[in-house]
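The residues making up each chain are set out below.
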Amino acid sequence: MSSMPTRELPSVLTHTDCQETNRIVTRFGGWKLRPDDPRAVPARYVLSCVSEDEDGTMCGETSRPSADVGAVAEWARTHTWLNQDHRSFSLDAASVPMVLVPEDEPA
């Protein structure tokens, strides 16, 4: 009788998670999904405005992809300065390099 793999998933995965985010146990051993070395491929972020104009249409304007969270935040500040009622944003993409590694090194 084979046992089903078990998975422990995080309740929320955000761009600030830099710890172990996933643990998978199979009959071949345990594996962890964790962020890869950020120096190899940096994370990239895209923010979009989800505010509504006076006529009820959603703005939908997006920032450029950036590895600098500060640059994305600055885009949001500038967008709000140009559009005073636009203060709601969504993190549309956070491309964070991940790697699956064994919990224990093979003997």
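Overview of the structure.

Rules used throughout
Residue numbering note: each chain is counted from 1, following its sequence as written. Local features in a predicted model are, by the rule used here, given only for residues with pLDDT of at least 70; side-chain atom pairs are given and counted only at 80 or more, and totals for whole chains, interfaces and linings are based on all residues. Side-chain measures were taken over the full set of non-hydrogen atoms in the model, leaving aside hydrogen atoms and water. Only DSSP runs of H or I with at least four residues qualify as helices, and only runs of E with at least two residues qualify as strands; both kinds are numbered from the N terminus onward. Classification of residues uses two cut-offs on accessible area relative to the type maximum, computed with a 1.4 Å probe and protein chains only: under 20% is buried, over 50% is exposed, and between them is partly exposed. In this analysis, two residues are considered to be in contact whenever any of their non-hydrogen atoms come within 4.5 Å of each other. In this description, accessible areas are obtained by the Shrake-Rupley approach with a 1.4 Å probe, and a residue is regarded as covered only by the protein chains that are shown. By convention a nonpolar core is built from buried Ala, Val, Leu, Ile, Met, Phe, Trp, Tyr and Cys residues, the set being connected through side-chain atoms within 4.5 Å. Whenever Lys or Arg places a side-chain nitrogen within 4 Å of a carboxyl oxygen from Asp or Glu, that contact is recorded as a salt bridge. Under the convention used throughout, the expected extent of a helix is 1.5 Å for every residue step, that is, one less than its residue count. For this quantity, the arc is that covered by the directions from the helix axis to the C-beta atoms. N or O atoms closer than or at 3.5 Å make up a polar contact, with two conditions inside protein: a donor-capable atom paired with an acceptor-capable one, and, for residues adjacent in sequence, both atoms drawn from side chains.

**As for the overall build of the protein**
1) Next: Tallying secondary structure elements over the protein gives one helix and six strands in all.
2) Next: Start at the N end of the protein and walk to the C end: the helices and strands fall as β-β-β-β-α-β-β.
3) Next: Taking all 107 residues of the protein together, the buried fraction comes to 20%.
4) Next: Within the protein, contacts between residues separated by at least 24 positions form 54% of all contacts whose residues are at least 6 apart in sequence.
5) Next: Summing over all exposed atoms, the protein offers an accessible surface of approximately 8,200 Å²; the carbon and sulfur share of this is 53%.

**Overview of the nonpolar core**
1) Next: By size, the foremost hydrophobic cluster in this structure holds seven residues: A43, Y45, L47, C49, V72, W75 and A76.
2) Next: Beyond its immediate chain neighbours, meaning those up to four positions away, A76 contacts L47 and F89.

**Quick notes on the pattern of salt bridges**
1) Next: Applying the stated rule across the entire model yields two salt bridges.
2) Next: A salt bridge links E74 to R77; the shortest N-O distance between them is 3.0 Å. Of this pair, E74 and R77 both sit in helix α1 (residues 69-82), three residues apart, roughly one helical turn.
3) Next: R87 is paired through a salt bridge with D85; the nearest N and O atoms lie 3.9 Å apart. For the pair formed by R87 and D85, the shared burial category is exposed.

**Observations regarding α1**
1) Next: If you check α1, its first and last C-alpha atoms are 20 Å apart, about what 14 residues at 1.5 Å a residue would give, namely 20 Å.
2) Next: Among the residues making up α1, those that are buried are V72, W75, A76, H79 and T80. Angular distribution of buried residues about the axis of α1 spans 130 degrees; they occupy a single face of the element. Turned more than 90 degrees away from the buried face of α1, the exposed residues are R77, W81 and L82.
3) Next: Elements in contact with the buried residues of α1: β4 (44-49) and β5 (89-95).
4) Next: The opening residue of α1 is D68, an N-cap whose side-chain oxygen sits 3.0 Å from the backbone nitrogen of G70.

**Quick notes on the environment of S95**
1) Next: When you line up the elements, S95 lands in strand β5.
2) Next: The spatial distance from the C-alpha of S95 to the C-alpha of Y45 is 6.5 Å, given a sequence separation of 50 residues.
3) Next: Ignoring anything within four residues of it in the chain, the contact list for S95 reads P42, A43 and R44.

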